[in-house]
Structures are given as structure tokens and as C-alpha cells.
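Now for the letters of each chain:
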Amino acid sequence: MFSIINIIATILIAGGAFFMVTGVLGLLRFPDFYTRLHATGKCDTLGEVLVIVGCMVYQGWSFITIKLFFLMFFIFLANPVGTHAIMKAAYLTGLKPWKKGEERR
Amino acid sequence: MIDVFLALGLLIAATILLSLYRAVLGPGVFNQVAAVNVIGTKVIVLLVAVGYIFDRPMFVDISLLYAILNFIATLVMSKYLERGEICSA
């Protein structure tokens, strides 16, 4: 049970879970749409990549590892693009960024 | 090692419930779309974790497909919100 592979995988999965929780914390606590995108866009991508790499380490060398790599690689590309698309749509339709001192939006 | 994935799954499910608040009550439609994008990313990881808990290797394919669908949904939603229509044909 406590082989070195399991320990490394557990550490990676714990790190990924930590970043996912902080991403949701930012999503709930930040005052404005753009700042929330800061938190979720970055933390979710990193959290997801760490968890999938942890699963790959645990899985060893097999066909599933290649599928997990494709999943991780696709998310690593797709999440920032999706965040950018939704941010551009919000900015072009006139959603003003939050300034310090304004109330939460 | 299975209880590590179980703990991960429960934690991810808790974060999904938390971000559901922003998805339902988000002040504007853009907050809701961003929250749905976040939930989609978390569901992918939840699928992989559940796949390991129940020892189903097929769940990785399902989460790959779900990742693609979530990405396309975010793009189409942002295009609709930006231009008011999707295919102008």
C-alpha cells in the first residue's frame, strides 16, 4: 500500500484538490466577474492537471495513461481558451471592470 | 489507494455544490456561464476519480468526451452572448 508510486500519486492528487478548492473559493469570494475568471481559469486548470498527472503516475504505463495524457493536454489548452472567449464576450457587451471602493458586483 | 480517490471525489462534489451557488444566483449571465464552465472542469475530474473507485477504465473516455462538450458549450454560449445569434446563415 505504501509503495513510492502511491505516495507520489497521493501528493499530486492532494495538490490538485487543493488548487481546485482555492479556485472555488475565488469564484465565490471575488467581487467582480473578471476577478472571478482570474481565480477559476488558473486554479482549475492547474488543479485538474495535477490530479490527472497523479492518476497517470498511479496508473503506471498502460493504454489508460495515454488517454489520461490526452485528457490532461486537452484541458490544458481548452480551459484558457474558454475563459478568454467568455471574458471577451463580457467585455465587448460592455461589462465594466470592478474598481476598488465600488460595491461587489 | 482507493480511499484517496474517494476523498478526492467527495471533495470535488463538495466544491461543485459550492460553485452551484454562483451558477444559480450569479448576478449576471456571465457569472453563470463562468460557473458552469468551472463545474464542467470539476465534473471531468470527478468522473476520473469515480472511474478509479469503481475500477471502470471506460470512465476516462467519458470524461474526455465531457471535456470536449464542456469546451464547445462555453464557446457557443460566449458567441451567443457576444453577437446575439450563433449561425448567421
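A brief structural summary.

Basis of the calculations
Residues numbered from 1 in each chain as written. Chains lettered and ligands numbered in written order. Predicted model: local features only at pLDDT ≥ 70, side-chain atom pairs only at ≥ 80, totals over all residues. Heavy atoms only, no water. Helix = DSSP H or I, 4+ residues; strand = E, 2+ residues; numbered from the N terminus. Rg over C-alpha atoms; globule rule 2.2 N^0.38 Å. Buried < 20%, exposed > 50% of the residue type's maximum accessible area, 1.4 Å probe, protein only. Contact = heavy atoms within 4.5 Å. Phe/Tyr/Trp six-rings, centres within 6.5 Å; stacked < 30°, edge-to-face > 60°. Salt bridge = Lys/Arg side-chain N within 4 Å of Asp/Glu carboxyl O. Polar contact = N/O pair within 3.5 Å; in protein donor to acceptor, adjacent residues only side chain to side chain. Axes fitted to C-alpha atoms, helices over the stretch in contact; angles between N-to-C directions. Parallel < 35°, antiparallel > 145°, perpendicular 65-115°, else oblique. Left-handed = near helix turned anticlockwise from the far one by under 90°. Disulfide = S-S within 2.5 Å. Core = buried A, V, L, I, M, F, W, Y, C linked by side-chain atoms within 4.5 Å. Expected span 1.5 Å × (residues − 1).

Regarding its fold elements, chain A presents three helices and zero strands. Secondary structure of chain A in N-to-C order comes out as α-α-α. Rg of the C-alpha trace for chain A: 17 Å, well past the compact-globule value of 13 Å for 105 residues, more than 25% over. Within chain A, the proportion of its 105 residues that are buried is 43%. Within chain A, counting contacts between residues at least 6 apart in sequence, those at least 24 apart form 69% of the total.

Taken as a whole and assessed by the stated rule, the structure comprises nine aromatic pairs over all chains. With a centroid separation of 4.7 Å and an interplanar angle of 5°, the aromatic rings of Phe5 of chain B and Tyr52 of chain B are classed as stacked. You can see Phe5 of chain B sitting in helix α1 (residues 2–25) and its partner Tyr52 of chain B sitting in helix α2 (residues 29–53), a full 47 residues away along the chain. The pair Phe5 of chain B / Tyr52 of chain B is uniform in exposure class, with both members buried. Taken together, Phe33 and Tyr34 of chain A together with Phe30 of chain B form an aromatic cluster joined through their ring pairs.

With 38 residues of chain B in contact, the opposing surface of chain A contributes 44 residues. With a shortest N-O distance of 3.3 Å, Glu82 of chain B and Lys88 of chain A are connected by a salt bridge. Applying the counting criterion to the chain B and chain A interface returns seven residue pairs in polar contact (both at pLDDT 80 or more). For the side of chain B that touches chain A, the secondary-structure elements that each account for two or more residues are α1, α2 and α3 (59–83) of chain B. Top contributing element to the side of chain B that touches chain A by residue count: α2 of chain B, with 13 residues.

A word on the packing of helix α1 (residues 4–29) of chain A against helix α2 (residues 33–59) of chain A. Angle between the axes and distance between the axes: these two values describe a pair of packed helices. Residue and element names in this part refer to chain A. It is at 7 Å that the axes of α1 and α2 come closest, and there the two elements cross at 165°. When the axes of α1 and α2 are compared, the pair comes out roughly antiparallel. The crossing of α1 and α2 is left-handed.

Before going further, it helps to examine the state of the cysteines. Going through the model one piece at a time under the given rule, you end up with zero disulfides over all chains. With no disulfide of its own, Cys43 of chain A lies closest to Cys55 of chain A among cysteine sulfurs, the gap being 19 Å.

What follows is about the nonpolar core. The biggest cluster of nonpolar side chains holds 35 residues, and the ones touching the most others in it are Ile52, Cys55, Leu68 and Leu71 of chain A together with Leu8, Val48 and Tyr52 of chain B. Secondary structure elements with two or more residues in this core: α1, α2 and α3 (63–92) of chain A together with α1, α2 and α3 of chain B. With ten residues, α2 of chain B is the largest single contributor of residues to this core. Discounting residues that sit within four places of it in the chain, Tyr52 of chain B has contacts with Cys55, Tyr58, Gln59, Ile64 and Leu68 of chain A together with Ile2 and Phe5 of chain B. Listed in part, the ten residues of the second largest apolar core include Phe33, Tyr34, Ile86 and Ala89 of chain A.

Now for α1 of chain B. Spanning 24 residues, α1 of chain B covers 35 Å between terminal C-alpha atoms, matching the ideal 34 Å at 1.5 Å per step. Of the positions making up α1 of chain B, those classed as buried are Val4, Phe5, Leu8, Gly9, Ile12, Thr15, Ile16, Ser19, Arg22 and Ala23 of chain B. The elements touched by buried residues of α1 of chain B are α1 and α2 of chain A together with α2 of chain B.

Honestly, it's all geometry; don't read function into it.
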